[in-house]
Protein chains: 2
Amino acid sequence: MSEALAGGDLQRLRQLNAVAVLRILRGDQPLTLTELAKRTGLSRASTEDVVRDLLGRGWVSEVEPAPGTVGRPARRYRFRADAGRLLGVDVGGHKVLAAVTDLEGDVLHQTRVPVAPDAGRRQRLAAIDDCITAALSGAGVTAEQIWSTGVATTGLVDGTGKVMLSDSLPEWTGVDLTAHLRRLVNSPIRVENDCKLAALAENWRGVARYAKDVVFLLAGLRTGAGLIIDGKLHRGFANSAGEIGALPAAGWERAPEHLHGWLTPGAEVEQVFLAARDGDRAAQRAVRGYVRDIAIGTSALVLTLDPELVVIGGGFSRSADVMVEPLRRELDRWCLRTPEIRVSAFADEGVALGAVRLALEQVESTLYGNSPATPALFAAHRR
Amino acid sequence: MSEALAGGDLQRLRQLNAVAVLRILRGDQPLTLTELAKRTGLSRASTEDVVRDLLGRGWVSEVEPAPGTVGRPARRYRFRADAGRLLGVDVGGHKVLAAVTDLEGDVLHQTRVPVAPDAGRRQRLAAIDDCITAALSGAGVTAEQIWSTGVATTGLVDGTGKVMLSDSLPEWTGVDLTAHLRRLVNSPIRVENDCKLAALAENWRGVARYAKDVVFLLAGLRTGAGLIIDGKLHRGFANSAGEIGALPAAGWERAPEHLHGWLTPGAEVEQVFLAARDGDRAAQRAVRGYVRDIAIGTSALVLTLDPELVVIGGGFSRSADVMVEPLRRELDRWCLRTPEIRVSAFADEGVALGAVRLALEQVESTLYGNSPATPALFAAHRR
């Protein structure tokens with residue numbers, strides 16, 4: 001029957017197979033062809049075909065047998081995470097964070113530059129430039145060695161990488177991040193909303209790794225959400241999914257007021273959570289009020305999607321131990337089925353990691369030459 | 001490279017190809033191999049291979065050239081919708097509706113049996129039996145000729161076809177519809193929530209045919225929702241997606257009170273809409289109040305998913321002309337982007353059509369023998 005398969009079909013199948021093999025090899029022990037075939041569900045012949053091709057491209061290498069091995073051990077293969085470099089940038093209200101990673105998302109160097117929330121557009125763009133320059137130099141790589149760049153920003157982002165709307169940073173609305181970054185890196189650039197990318201990071205390397213449907217909450221001075229549906233980031237028709245916070249009935253707008261009410265002026269919000277943990281009754285009431293409000297919008301997301309998991313991330317996730325139980329009780333009040341609640345382990349670094357994942361998706365999508373960007377990518381990697 | 005593809009890969013690819021060919025042929029004009037290859041994106045050789053196989057199974061037939069054709073015209077093929085029969089059943093609060101259709105969902109015969117909302121479990125099950133028997137006999141088919149059955153019911157349904165929870169029909173919680181129907185039909189039976197199936201029907205043959213992300217509202221004495229995400233029905237982790245109505249802040253629970261407040265006891269709800277259309281101010285206020293309340297939960301769904309379309313279906317959809325504009329205005333108030341709003345053309349028959357679609361999905365999933373149910377299916381069809 002094989003003669004019934006022509007070039008186009010074959011290439012489509014081989015591309016899917018290559019991505020399947022890379023997904024298994026990435027982040028795992030070296031594997032033999034037999035093990036790889038079993039894990040991917042591909043035939044041994046297809047597996048061998050894909051591995052041969054990936055060896056040629058430098059994405060995969062053969063592992064030396066352990067010293068002292070007798071006889072002829074089966075060849076084992078591993079993903080070459082150091083075949084390329086990725087850049088992930090988180091442009092937040094209070095900081096810019098840039099991370100240079102290998103192809104598994106392991107951070108080689110990370111730089112953080114503080115920015116005032118009321119900084120103007122120019123100042124924030126300058127901070128991005130400084131941050132990226134420092135991250136590249138810290139990692140010892142040039143801009144030409146970066147295969148792909150992902151950028152996370154607060155606000156809604158359109159398909160070209162322009163910020164359509166930013167409530168928290170009004171000066172930021174309309175900024176064209178792709179055009180700005182084009183001066184610094186010459187490989188592909190993708191821009192996406194920060195909550196969406198933090199959700200992606202959890203599904204990639206975080207606490208939602210094995211879940212197909214996930215509601216991710218970015219809990220901090222603002223509350224946001226990112227959704228993983230059927231194992232993929234859900235963007236929506238105009239890239240505006242997850243914006244339940246815009247509905248006053250969802251309670252997210254007013255939620256932080258409970259915390260501010262307890263604080264003395266100038267104090268860090270973190271202190272409410274610390275005081276609540278230490279048994280301060282008024283602080284505990286403030287946290288309960290905050291949780292009661294974010295639970296309404298969270299319940300709306302849960303009732304809509306019936307996810308497997310709710311993940312709490314963002315700045316407040318460091319204090320999530322005092323939030324999880326009250327949140328569970330509130331969800332029990334409103335939801336037909338309360339999902340498992342997990343706390344992100346990334347603190348405020350998840351967004352940048354999600355940006356790295358976005359860069360990696362760009363690289364994967366150009367694998368096997370179905371995009372004009374590919375020759376440049378592989379050229380960069382081969383030099 | 002073809003020797004690199006082994007049996008398992010080939011079969012997987014051929015199954016996908018067969019479904020792609022059937023999807024194109026179904027509901028379209030007869031097509032030549034060249035046209036089919038172009039529309040599916042498959043190679044001509046793969047297309048020919050699939051068509052040859054489908055001819056053998058009786059799913060596809062060759063169309064006679066038009067009389068008087070000279071020369072050798074290219075062969076054209078069409079889907080044989082009459083190769084099999086499907087049964088779709090809608091078990092509602094006020095009625096049971098059963099439809100016998102061909103494989104395109106064209107209804108051969110449909111039967112409606114009224115049931116009182118306060119009927120007990122036994123009475124409702126008896127109405128189902130009567131309704132199915134009458135539909136089969138009206139269509140002139142025996143139960144053995146039905147390839148697959150889909151059943152829609154109010155309430156949450158588990159993976160085995162048992163009703164987990166029904167708020168509107170308390171006696172209905174716990175009923176095992178699959179087990180009950182097994183006595184009437186011996187082909188596969190699938191059971192699903194009515195709002196979900198009505199959404200599926202709109203995406204299949206209704207006003208949401210070309211949309212990938214859809215919020216479907218079942219508007220009637222109860223309000224429910226079904227979600228199409230990325231072209232597929234979204235069920236959720238425990239099959240409980242779309243249940244935003246359970247959240248009091250969503251307003252769906254209290255929405256019908258506006259309508260009842262206007263009505264004299266015993267009058268049909270429909271009359272409020274008729275009066276509003278005729279200019280009755282009090283009726284218009286009642287409709288606006290109703291719309292204001294359902295708009296909150298609808299906005300929560302829209303803000304969460306950012307769908308391309310909102311579809312209004314269910315009993316009230318016949319009066320949707322007086323609802324659409326007020327609903328659009330309310331969504332404009334709360335949503336970042338108001339999606340297009342369309343009204344279902346199925347009135348209260350969309351749910352049964354969705355049940356037919358569920359039956360058809362079952363048939364498609366067993367295509368090419370990856371389920372034990374297949375031999376029986378094809379045996380039934382060949383007799």
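Just so we're clear, the structure is a prediction, and the values are computed from it rather than from any experiment. (Residues numbered from 1 in each chain as written. Chains lettered and ligands numbered in written order. Predicted model: local features only at pLDDT ≥ 70, side-chain atom pairs only at ≥ 80, totals over all residues. Heavy atoms only, no water.)

Comments concerning the overall build of chain A
Step number 1: Along chain A, the regular secondary structure elements total twelve helices and 15 strands.
Step number 2: The globule rule puts the C-alpha radius of gyration for 383 residues at 21 Å, and the 23 Å found for chain A is close to it.
Step number 3: Positive and negative side-chain charges in chain A, numbering 46 and 46 respectively, have mean positions lying 3 Å apart. (Helix = DSSP H or I, 4+ residues; strand = E, 2+ residues; numbered from the N terminus. Rg over C-alpha atoms; globule rule 2.2 N^0.38 Å. Lys, Arg positive; Asp, Glu negative; His and termini not counted. Charge placed at Lys NZ, Arg CZ, Asp CG, Glu CD.)

Brief notes about the pattern of salt bridges
Step number 1: Evaluation of the coordinates by the stated rule reveals 46 salt bridges over all chains.
Step number 2: Close ionic contact of A:Asp53 with A:Arg57 constitutes a salt bridge, the shortest N to O distance being 3.3 Å. Remark: A:Arg57 and A:Asp53 occur in helix H3 (residues 44-57); sequence separation between them is four residues, near one turn of the helix.
Step number 3: When its relative accessible area of 23% is taken as the criterion, A:Asp53 is described as partly exposed.
Step number 4: Salt-bridge contacts for B:Arg52 lead to B:Asp49; the nearest nitrogen and oxygen are separated by 3.6 Å. In this pair, B:Arg52 and B:Asp49 are both assigned in helix H3 (residues 44-57), three residues apart and thus about one turn of the helix distant.
Step number 5: Using a relative accessible area of 6% as the deciding quantity, one classes B:Asp49 as buried.
Step number 6: Ionic contacts of the salt-bridge type, sharing partners, join the residues A:Asp90, A:Lys95, A:Arg112, A:Asp348 and A:Glu349 into one network. (Salt bridge = Lys/Arg side-chain N within 4 Å of Asp/Glu carboxyl O. Buried < 20%, exposed > 50% of the residue type's maximum accessible area, 1.4 Å probe, protein only.)

Some points on the relation of the copies chain A and chain B
Step number 1: With an RMSD of 0.1 Å, the fit of chain A onto chain B corresponds to turning through 180° and sliding 0.0 Å along the axis. A rotation of that kind, with that shift, is consistent with a two-fold axis.
Step number 2: By residue overlap, the copies meet face to face through one surface: 100% of the interface positions of chain A are interface positions in chain B. (Least-squares fit on C-alpha atoms with pLDDT ≥ 70 in both. Contact = heavy atoms within 4.5 Å.)

Some words on the confidence of the model for chain A
Detailed reading of the predicted model is not advised wherever pLDDT is low.
Step number 1: Per-residue confidence for chain A averages 88 on the pLDDT scale, and 91% of its residues sit at or above 70.
Step number 2: Scored below 50 in pLDDT, residues 369-383 of chain A makes 25 contacts in the model with residues more than four places away or belonging to other chains. (pLDDT = per-residue confidence, 0-100.)

A look at the packing of aromatic side chains
Where two aromatic rings form a pair, the distance of their centres and the angle of their planes describe that pair.
Residues and elements named next belong to chain A.
Step number 1: Applying the stated criterion across every chain, the model contains ten aromatic pairs over all chains.
Step number 2: Ring geometry for tyrosine 290 against phenylalanine 316: centres 5.6 Å apart, planes inclined by 70°, an arrangement best described as edge-to-face. Here tyrosine 290, found in helix H9 (residues 281-305), pairs with phenylalanine 316, found in the loop between strand E14 (309-313) and helix H10 (324-334); they are 26 residues apart in sequence, far enough to count as distant. Across the pair, exposure class does not vary: tyrosine 290 and phenylalanine 316 are buried alike. (Phe/Tyr/Trp six-rings, centres within 6.5 Å; stacked < 30°, edge-to-face > 60°.)

Digging into the sheet that holds strand E13 (residues 232-233) of chain A
All names here are of chain A.
Step number 1: The sheet built from five strands is open, its strands ordered E13-E12-E11-E14-E15 with mixed pairing. Strands with a single pairing partner mark the edges of an open sheet, and in this sheet they are E13 and strand E15 (340-343).
Step number 2: Bridge count for strand E12 (residues 223-229) against E13 is two bridges, and the pairing is antiparallel. Bridge pairing in E13 places isoleucine 229 opposite lysine 232.
Step number 3: Where helix H6 (residues 194-205) meets the sheet, its contacts fall on strand E11 (214-219), E12, E13 and E14, and the angle it forms with E12 comes to roughly 50°. (Pairing = 2+ DSSP bridges. Axes fitted to C-alpha atoms, helices over the stretch in contact; angles between N-to-C directions.)

Considering the side chain of A:His234
Step number 1: Secondary-structure assignment places A:His234 in the loop between E13 and helix H7 (255-262).
Step number 2: Non-local contacts of A:His234, meaning those with residues more than four positions away in its chain, are made with A:Lys196, A:Leu227, A:Ile229, A:Ala241, B:Asp213, B:Ile229 and B:Leu305.

Describing empty space enclosed by the protein
Step number 1: Taken as a whole, this structure holds five cavities of 30 Å³ or more when the rule is applied.
Step number 2: Taken as a whole, the largest cavity holds about 60 Å³ of empty space.
Step number 3: In terms of lining residues, the largest cavity is bounded by A:Ile244, A:Leu247, A:Ala249, A:Ala250, A:Ile296, A:Ala300, B:Ile244, B:Leu247, B:Ala249, B:Ala250, B:Ile296 and B:Ala300.
Step number 4: Among the residues making up the lining of the largest cavity, the classes are represented as twelve nonpolar, no polar and no charged. (1 Å grid on protein atoms, 1.4 Å probe; cavity = no way out; pocket = protein on both sides within 12 Å on 5 of 7 lines; lining within 4 Å. Points joined across faces, edges and corners; volume = space filled by probe spheres on them. Nonpolar A, V, L, I, M, F, W, Y, C, P; charged D, E, K, R; others polar.)

Structural notes on helix H7 (residues 255-262) of chain B
Residues and elements named next belong to chain B.
Step number 1: Residues of H7 that are buried: Ala255, Pro256 and Leu259. Along the long axis of H7, the arc covered by the buried residues comes to 85°, so they all point the same way. Relative to its buried face, H7 has exposed residues pointing more than 90 degrees away, namely Glu257 and Gly261. (Arc of directions from axis to C-beta.)

Focus: the environment of A:Glu104
All names here are of chain A.
Step number 1: Inspection of the secondary structure puts glutamate 104 in the loop between strand E5 (95-101) and strand E6 (107-114).
Step number 2: You can call glutamate 104 buried: its relative accessible area is 18%.
Step number 3: On a C-alpha basis, the gap between glutamate 104 and arginine 26 in space is 6.6 Å, while along the polypeptide they are 78 residues apart.

Notes on the nonpolar core
Step number 1: Ranked by size, the top nonpolar core spans 86 residues in total, and within it A:Phe273, A:Tyr290, A:Met323, B:Phe273, B:Tyr290 and B:Met323 carry the most contacts.
Step number 2: Among residues more than four places away in sequence, those in contact with A:Tyr290 are A:Ala219, A:Gly220, A:Thr223, A:Ala255, A:Pro256, A:His258, A:Leu259, A:Phe273, A:Phe316 and A:Met323. (Core = buried A, V, L, I, M, F, W, Y, C linked by side-chain atoms within 4.5 Å.)

Here's the deal with the layout of surface pockets
Step number 1: Of the volumes computed, that of the largest pocket is approximately 1,800 Å³.
Step number 2: Together, 43 residues line the largest pocket, and B:Arg23, B:Asn203, B:Asp230, B:Gly231 and B:Lys232 are the ones closest to its centre.
Step number 3: Of all the secondary structure elements, the ones that give two or more residues to the lining of the largest pocket are E13 of chain A together with helix H1 (7-25), helix H6 (194-205), strand E12 (223-229), strand E13 (232-233) and helix H11 (350-366) of chain B.
Step number 4: In terms of residue class, the lining of the largest pocket is built from twelve nonpolar, nine polar and 22 charged.
Step number 5: Taken as a whole, the second largest pocket holds about 1,100 Å³ of empty space.
Step number 6: If you go around the second largest pocket, you meet 25 residues; those closest to its centre are A:Arg23, A:Arg26, A:Asn203, A:Trp204 and A:Arg357.
Step number 7: Elements supplying a minimum of two residues to the lining of the second largest pocket: helix H1 (7-25), H6, E13 and helix H11 (350-366) of chain A.
Step number 8: No other element matches the five residues that H1(A) contributes to the lining of the second largest pocket.

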